[in-house]
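# Descriptive analysis of the structure
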Amino acid sequence: MKIVNRRAATVCALTAGTVLLVAGPASAHVVVDPQEAAKGGYSTVDFKVPNEKDDASTVKLEVNFPADHPLTSVMPQPVPGWDVKVEKKKLDKPITMHGEKVTEAVSKVTWSGGKVEPGEFQQFPVSMGQLPKDADHLVFKALQTYDDDDVVRWIEEPQEGAAEPEHPAPVLKLAAAEESGADADDSADDAKAAGKAAAAPEEDSGSGSDTTARVLGVVGIVVGVAGIAFGVLAGRRRTA
């Protein structure tokens, strides 16, 4: 019985080790976080860089921005211990942003001077926009350099329906922008205002009816008092 238990434990350990070996490389890709943003807007995206090696540190990250959908506003957030360099490139065709013509866009952002030690990861935040409205995703080809001079090129674009490539490039999915909470509140306020406006005539009509009833009631009281007075006077005349 003990031998069977030992064999079962050994099989489980080997299976778990195999799963970890298979899942390890897949989870060590350079990726973007979040993985989805709204079309036509601005978003802060983290380039998440895990260290894949046990005997070397990541010392440099280069992220190439898409040329087919240029981003004119790219602002990296400072990362302690790292230097950042932003490179721009002239556009073949100027584009109009907020009523102004833009002739260049960011082509590459490079971080260097720091270290991502074995067993660690580092996030490099970037605010970017305006995101395109006519695209479903953006591909950011990245190069990860180690202090042993090894360079891992995360440049293969994943294809829908196909197996994941060995070195996939970070991909930011773009989705249609949803109605914001402020817009929903404004719509609700407009609906309430419309409801009040529709109810206003009925309220005015009700007030007019109440006023008419009150006037008629006062008139009735006056007529009644006058009738009583007339009856008293007539009775006195007869008695006289």
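To keep things clear, this report deals only with the structure shown in the data block. (Residues numbered from 1 in each chain as written. Predicted model: local features only at pLDDT ≥ 70, side-chain atom pairs only at ≥ 80, totals over all residues. Heavy atoms only, no water.)

Looking now at the overall build of the protein. When you go through the protein residue by residue, the secondary structure sums to two helices and 12 strands. Secondary structure of the protein in N-to-C order comes out as α-β-β-β-β-β-β-β-β-β-β-β-β-α. Considering the protein as a whole, with its 240 residues, one finds that 26% of them fall into the buried category. Total accessible area on the protein is roughly 16200 Å²; 55% of this is exposed by carbon and sulfur atoms. (Helix = DSSP H or I, 4+ residues; strand = E, 2+ residues; numbered from the N terminus. Buried < 20%, exposed > 50% of the residue type's maximum accessible area, 1.4 Å probe, protein only. Areas by Shrake-Rupley, 256 points an atom, 1.4 Å probe, with all protein chains shown as cover.)

On to the sheet that holds strand β12 (residues 171–175), then. Within the open sheet, the three strands sit side by side as β2-β12-β9. Their pairing is mixed. Strand pairing shows two members of the sheet lacking a second neighbour, β2 (36–38) and β9 (137–139), which therefore form its edges. Direction aside, the axes of adjacent strands within the sheet are offset by 30° on average. Pairing geometry for β9 and β12, over three bridges, is antiparallel. Paired with His-137 across the bridge in β12 is Lys-173. (Pairing = 2+ DSSP bridges. Axes fitted to C-alpha atoms, helices over the stretch in contact; angles between N-to-C directions.)

Let's shift gears to the packing of aromatic side chains. In this structure the tally under the stated criterion is six aromatic pairs. Measuring from centroid to centroid gives 5.1 Å for Trp-82 and Phe-124, while their planes differ by 90°, and the two rings are edge-to-face. One end of the pair, Trp-82, is in the loop between β5 (73–76) and β6 (83–97); the other, Phe-124, is in strand β8 (residues 121–129), with 42 residues separating them in the sequence. Summarising the aromatic geometry, the rings of Trp-111 and Phe-124 are spaced 5.0 Å apart at their centres and angled 45° between planes, so their arrangement reads as tilted. Placement of the pair is Trp-111 in strand β7 (residues 100–116) and Phe-124 in strand β8, with a sequence separation of 13 residues. Accessibility assignment for this pair places Trp-111 and Phe-124 in one class, buried. Its end group placed over the ring of Tyr-146, Lys-53 keeps NZ or CZ at 4.9 Å from the ring centre. (Phe/Tyr/Trp six-rings, centres within 6.5 Å; stacked < 30°, edge-to-face > 60°. Lys NZ or Arg CZ within 6 Å of the ring centre and 35° of its normal.)

A cis geometry characterises the amide bond from Asp-33 onward to Pro-34, with omega recorded as 0°. Within the secondary structure layout, Pro-34 lies in the loop between β1 (31–33) and β2.

Evaluation of the coordinates by the stated rule reveals five salt bridges. Among the salt bridges present, the one from Asp-136 reaches Lys-39, with a minimum N-O distance of 3.1 Å. Highlighted residues: Asp-136 in the loop between β8 and β9 and Lys-39 in the loop between β2 and β3 (43–50), separated in sequence by 97 residues. The class of Lys-39 is partly exposed, set by a relative accessible area of 24%. Notably, a salt bridge pairs Lys-53 with Asp-148, separated by 2.9 Å at the nearest N-O pair. Here Lys-53, found in the loop between β3 and β4 (58–64), pairs with Asp-148, found in the loop between β10 (141–146) and β11 (151–154); they are 95 residues apart in sequence, far enough to count as distant. (Salt bridge = Lys/Arg side-chain N within 4 Å of Asp/Glu carboxyl O.)

Looking now at the layout of surface pockets. Of the volumes computed, that of the largest pocket is approximately 500 Å³. Around the largest pocket, the lining comprises 20 residues; the ones closest to its centre are Pro-158, Ala-169, Pro-170, Val-171 and Lys-173. Where the lining of the largest pocket is concerned, the elements lending two or more residues are β1, β9 and β12. When the residues that make up the lining of the largest pocket are grouped by side-chain class, the tally is 11 nonpolar, four polar and five charged. (1 Å grid on protein atoms, 1.4 Å probe; cavity = no way out; pocket = protein on both sides within 12 Å on 5 of 7 lines; lining within 4 Å. Points joined across faces, edges and corners; volume = space filled by probe spheres on them. Nonpolar A, V, L, I, M, F, W, Y, C, P; charged D, E, K, R; others polar.)

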